[in-house]
Amino acid sequence: MLTPTEMAEADRRTIAAGTPVTTLMDRAGRAVAWEVRRQLDGLYGRRATIVCGKGNNGGDGLVTAAVLAGWGARVDIIELAAAPSPAIVGRALARADVLVDAMYGTGFSGRLDGVAADVAAASAEQLTVAVDIPSGVDGRTGATEGTAVHAVATVTFAAQKPGVLFEPGRTRAGAVRVADIGIDVGTPTLHVLDDADARTALLASARPEDTNKWRAPLLVVGGSGGMTGAPHFVSHAAMRAGAGIVWCGVPAPSTGDGSEVITKVLPATDDGALAGLGDLLASVERFHAVAVGPGLGTAAATRAAVHEIVAKAPIPLVLDADGLNAFADHADELRDRPAPTILTPHDGEYARLAGEPVGVDRVDAARRLAARTGCVTLLKGPATVIAEPAGRARINPTGGSELATAGSGDVLTGIIGGLLARGLPAFDAAAVGAFVHGRAGDVAGHTGLVASDLIVALPRTLDELSQEH
């Protein structure tokens with residue numbers, strides 16, 4: 001994946017190496033023409049309206065128009081530089097079977113106006129194919145100001161762009177297809193996850209045939225006031241994700257849930273808040289990973305216990321929910337952790353932890369917190385971002401609004417914890433965990449989804465992702 005700045009540099013590098021810009025435009029325009037042909041299921045008797053802006057994006061559109069005309073389509077070309085009248089534009093749009101948006105590329109920022117705004121408004125009612133990115137969408141953040149083109153398909157070049165994975169750009173882009181037109185992308189530090197990434201990680205962390213339950217053990221610490229639903233969600237998701245055994249430490253009183261998860265009672269205050277870790281730390285090294293935070297609350301004694309386990313547990317750790325809130329305005333203290341750490345904030349938790357809002361650039365926000373804390377940071381949201389302290393980042397394309405349900409985040413923490421227990425490195429566990437979480441929502445079915453459905457769907461999800469297709 002390339003940001004607009006990185007894409008511009010890749011263009012310059014490729015042209016400097018001897019590939020003419022006209023050759024790149026020809027390849028790009030032909031790739032778009034093939035997508036138009038697929039969308040129309042043939043071109044006989046069809047009419048295409050191509051709206052072209054200045055520069056390379058408009059040049060790609062002109063090539064698309066020429067190729068479609070050569071294949072027998074009737075083509076209307078609207079060039080924004082010619083200042084066409086609204087009446088001419090309206091007639092061309094009204095008789096088009098397909099609209100091709102070649103107005104602005106990934107470097108665009110600001111607001112569409114005039115004819116461009118009219119075209120964007122019309123795209124919502126027409127079959128539209130966007131060139132590189134829907135015009136009006138910020139290629140770095142996916143944000144829009146005012147109206148933007150709404151495409152059923154977007155043909156982007158060389159690599160994915162962040163703007164088509166973050167909302168509202170994600171919805172505006174429709175199906176995104178990456179066309180290889182011979183651009184040298186260099187060595188990107190930002191990637192989008194896919195099935196192959198998940199399969200590689202899952203197979204690499206598969207337990208051997210001679211395994212036992214203590215080859216993949218996980219410790220969970222959470223709950224308060226007898227409210228133990230959140231840590232038990234974490235624990236059951238971890239078991240389904242491949243942990244061999246899970247101890248779930250919760251403040252008393254608690255009688256467990258009668259399942260395969262082993263409940264350990266921790267010291268508690270009179271009102272049920274976590275008052276300490278008891279002898280839990282003495283046995284913490286038996287585990288391959290620990291997940292801390294869901295349902296803990298924010299009492300002072302609880303925060304102190306969280307700081308203690310974060311400081312002293314020499315194993316990989318997932319810090320979520322109230323575990324994160326325990327470090328509100330003290331994120332720098334996380335740099336002293338003796339082992340790899342994954343932070344899983346949503347926007348509100350991020351602001352409390354970092355002392356500043358996420359802002360419009362979610363990749364940059366995740367990278368900033370990762371660099372500041374020395375921890376892998378998983379910033380939740382539509383297109384979750386996972387960043388490591390050295391600057392590498394991944395964007396997860398799976399999942400949608402169906403995951404915005406109580407307990408879903410606890411399930412994500414459990415999946416990540418289970419993958420850590422299986423032996424995956426922190427960056428991989430966080431990224432693949434997010435991917436699996438979103439895919440489990442697809443397997444479970446989006447209508448009426450509740451968090452427990454995700455847990456039930458995990459075995460089938462993991463099985464499908466582990467197969468070679």
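Up top is the structure.
Here's a quick rundown of the structure. (Residues numbered from 1 in each chain as written. Predicted model: local features only at pLDDT ≥ 70, side-chain atom pairs only at ≥ 80, totals over all residues. Heavy atoms only, no water.)

### Section: the pairing of strand 3 (residues 98-102)
Taken residue by residue, a regular strand's side chains alternate between the two faces of the sheet. Extensive coverage of strand 3 is indicated by the burial of five of its five residues. Side chains Val98, Val100 and Ala102 of strand 3 all project onto a buried face; the interleaved residues Leu99 and Asp101 project onto the opposite face, where all are buried too. Alignment of strand 1 (residues 47-52) against strand 3, held across five bridges, turns out to be parallel. In the sheet register, Ile50 faces strand 3, and the bridge partner there is Val100. Inspection of the sheet shows strand 3 paired to strand 4 (residues 128-131) by three bridges, in the parallel sense. Counterpart to Asp101 in the pairing with strand 4 is Ala130. In this view, the connection linking strand 3 to its parallel neighbour strand 4 by way of helix 5 (residues 114-123) has right-handed handedness. (Buried < 20%, exposed > 50% of the residue type's maximum accessible area, 1.4 Å probe, protein only. Helix = DSSP H or I, 4+ residues; strand = E, 2+ residues; numbered from the N terminus. Pairing = 2+ DSSP bridges. Right-handed = clockwise from strand over helix to strand, strands pointing away.)

### A word on the packing of aromatic side chains
Applying the stated criterion to the full structure yields five aromatic pairs. Over the ring of Trp71 we find Arg37; its NZ or CZ atom is 4.8 Å from the centre of that ring. The ring of Trp214 has Arg286 lying over it, and the distance from NZ or CZ to the ring centre is 4.2 Å. (Phe/Tyr/Trp six-rings, centres within 6.5 Å; stacked < 30°, edge-to-face > 60°. Lys NZ or Arg CZ within 6 Å of the ring centre and 35° of its normal.)

### Concerning unusual backbone geometry
For the bond running from Glu167 to Pro168, omega is 0°, close enough to zero to count as cis. Residue position: Pro168 is located in the loop between strand 5 (153-157) and helix 6 (169-173). A positive phi angle, near 50°, is found at Ala83, a position not held by glycine. Inspection of the secondary structure assignment puts Ala83 in the loop between strand 2 (74-79) and helix 4 (86-94). The exposed category is assigned to Ala83, whose relative accessible area is 62%.

### Quick word on the layout of surface pockets
Of the volumes computed, that of the largest pocket is approximately 500 Å³. Around the largest pocket sit 25 residues that line it, and Lys380, Gly381, Leu403, Ser408 and His437 are the ones nearest its centre. Mapped onto the lining of the largest pocket, the elements with two or more residues apiece are helix 13 (408-422) and helix 14 (426-444). Looking at the lining of the largest pocket, the element that brings in the most residues is helix 13, giving four residues. If you add up the space inside the second largest pocket, you get close to 370 Å³. If you trace the second largest pocket, you find 21 residues lining it, with Asp11, Asn56, Asn57, Asp60 and Asp132 closest to the centre. Taken together, the elements giving at least two residues each to the lining of the second largest pocket come down to helix 1 (4-16), helix 2 (21-40) and helix 3 (55-70). Counting residues per element, the lining of the second largest pocket draws most heavily on helix 1, at five residues. Here the lining of the second largest pocket is built from residues that sort into 11 nonpolar, six polar and four charged. (1 Å grid on protein atoms, 1.4 Å probe; cavity = no way out; pocket = protein on both sides within 12 Å on 5 of 7 lines; lining within 4 Å. Points joined across faces, edges and corners; volume = space filled by probe spheres on them. Nonpolar A, V, L, I, M, F, W, Y, C, P; charged D, E, K, R; others polar.)

### Some points on the environment of Arg207
Tracing the backbone shows Arg207 in the loop between helix 7 (195-204) and strand 8 (217-221). Taking the C-alpha atoms as reference, Arg207 lies 9.3 Å from Gly244; in sequence the two are 37 residues apart. Contact partners of Arg207, with chain neighbours within four places excluded, come to Asn212, Ala216, Gly242, Ala243 and Gly244. Of the polar contacts made by the side chain of Arg207, one reaches the backbone oxygen of Gly242; its length is 3.5 Å. (Contact = heavy atoms within 4.5 Å. Polar contact = N/O pair within 3.5 Å; in protein donor to acceptor, adjacent residues only side chain to side chain.)

### Considering the sheet that holds strand 1
Pairing is parallel across the open sheet formed by six strands, whose spatial order is 2-1-3-4-5-6. In this open sheet, the two strands that pair with only one neighbour each are strand 2 and strand 6 (175-179). Across the sheet, the mean angle from the axis of one strand to that of its neighbour is 20°, orientation sign disregarded. Where helix 2 meets the sheet, its contacts fall on strand 3, strand 4, strand 5 and strand 6, and the angle it forms with strand 5 comes to roughly 160°. (Axes fitted to C-alpha atoms, helices over the stretch in contact; angles between N-to-C directions.)

### Digging into the sheet that holds strand 7 (residues 190-192)
Strand pairing in a sheet relies on backbone hydrogen bonds, with the paired strands running either antiparallel or parallel. Reading across from one edge, 7-16-15-14-13-12-11-8-9-10 is the order of the 10 strands in this open sheet, with mixed pairing throughout. Taken across any chain shown, the strands that pair with only one partner, and hence form the sheet edges, are strand 7 and strand 10 (262-266). Across the sheet, the axes of successive neighbouring strands diverge by a mean angle of 20°, strand direction being ignored. Strand contacts of helix 9 (residues 300-312): strand 8, strand 11 (289-292) and strand 12 (317-319), with the helix running at about 150° to strand 12, the strand carrying the most contacts.

### So, the packing of helix 13 against helix 14
Between helix 13 and helix 14, the least distance of the axes is 8 Å, while the angle of their chain directions is 135°. On the basis of the axis angle, helix 13 is oblique to helix 14. Here helix 13 runs over helix 14; the crossing is right-handed. Contacts between helix 13 and helix 14 pair Ser408, Val411, Leu412, Ile415, Ile416, Leu419 and Leu420 from the former with Ala426, Ala429, Ala430, Val432, Gly433, Ala434, Val436 and His437 from the latter. (Parallel < 35°, antiparallel > 145°, perpendicular 65-115°, else oblique. Left-handed = near helix turned anticlockwise from the far one by under 90°.)

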